[in-house]
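Here's the letter readout for the chains.
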Amino acid sequence: IKDFFGSAQFYLNKKEVQKEEIRKEKEKNKKEKMKNTAALSPYIYHRSQKIPRLGIGTWTFGENENNKKTEIAAIQNAIDNYNLTLIDTAEMYADGKSEKVVGEAIKNYKREDLFIIGKILPNNAKQRRYEECCKASLQNLGISYFDVYLLHWRDSVNLADMVFNMEILKSK
């Protein structure tokens, strides 16, 4: 009888060991998955266009002239040390001064290495000022094109009209 119970105990211990090994294997796989996720490409691709997954926003940049050097350095640091080449700006940020700060920060970089997003205000879109506003933003930035040009927020802009005008803008 002792041998039977001893064998039964061994069998139970073996089952527990197997369960623990399975648990450890699952944990290892989970950690491996997390490692692989962290090692994902910093880019996504859409219609063969390489788009950075992360970028920097410039909402408050340009509001205070005393911060200009720090803001320029922040953009350059993001590009140089963190490969954050997507830069989001808009005509409304500090009434275009944000775009000028960004323009100053990026002037020594190859344009094709950057992904620049600009935005038009709904009020300007309603007035069909797409080309005028886009050109002013491009001039502020010192670049010749946007990678993406957006309506900043929907408001009451006629979407069909907006798409029509954005298509015209895109063709120029």
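The following refers to the structure shown.

Cut-offs used in this document
- Residues numbered from 1 in each chain as written.
- Predicted model: local features only at pLDDT ≥ 70, side-chain atom pairs only at ≥ 80, totals over all residues.
- Heavy atoms only, no water.
- Helix = DSSP H or I, 4+ residues; strand = E, 2+ residues; numbered from the N terminus.
- Expected span 1.5 Å × (residues − 1).
- Contact = heavy atoms within 4.5 Å.
- Salt bridge = Lys/Arg side-chain N within 4 Å of Asp/Glu carboxyl O.
- Buried < 20%, exposed > 50% of the residue type's maximum accessible area, 1.4 Å probe, protein only.

Some words on helix α5 (residues 130-141)
In this model, α5 (12 residues) spans 16 Å end to end at C-alpha, consistent with the 16 Å of a helix rising 1.5 Å per residue. Of the surrounding elements, those touching the buried residues of α5 are α3 (97-106), β5 (115-120), α4 (122-126), β6 (148-151) and α6 (159-171). Of the residues trailing α5, Gly142 is marked for its positive phi of about 70°.

Overview of the pattern of salt bridges
The full count for this structure, using the stated rule, is 10 salt bridges. Linking Asp88 and Lys119 is a salt bridge whose minimum nitrogen-to-oxygen distance equals 2.7 Å. Remark: Lys119 occurs in strand β5 and Asp88 occurs in strand β4 (residues 86-88); sequence separation between them is 31 residues. Each member of the pair, Asp88 together with Lys119, is buried. For Glu132, the salt bridge goes to Arg129, with nearest N and O atoms at 2.6 Å. Look at Glu132 and you get partly exposed, because its relative accessible area is 47%. The network of salt bridges with shared partners includes Glu131, Lys135 and Lys172.

Describing the side chain of Thr85
Within the fold, Thr85 resides in the loop between α2 (68-82) and β4. Residue Thr85 is classed as buried on the basis of its relative accessible area, which comes to 7%. If we ignore the near neighbours within four places in the chain, the residues touching Thr85 are Tyr43, Pro52, Ile79, Asp113, Leu114 and Phe115.

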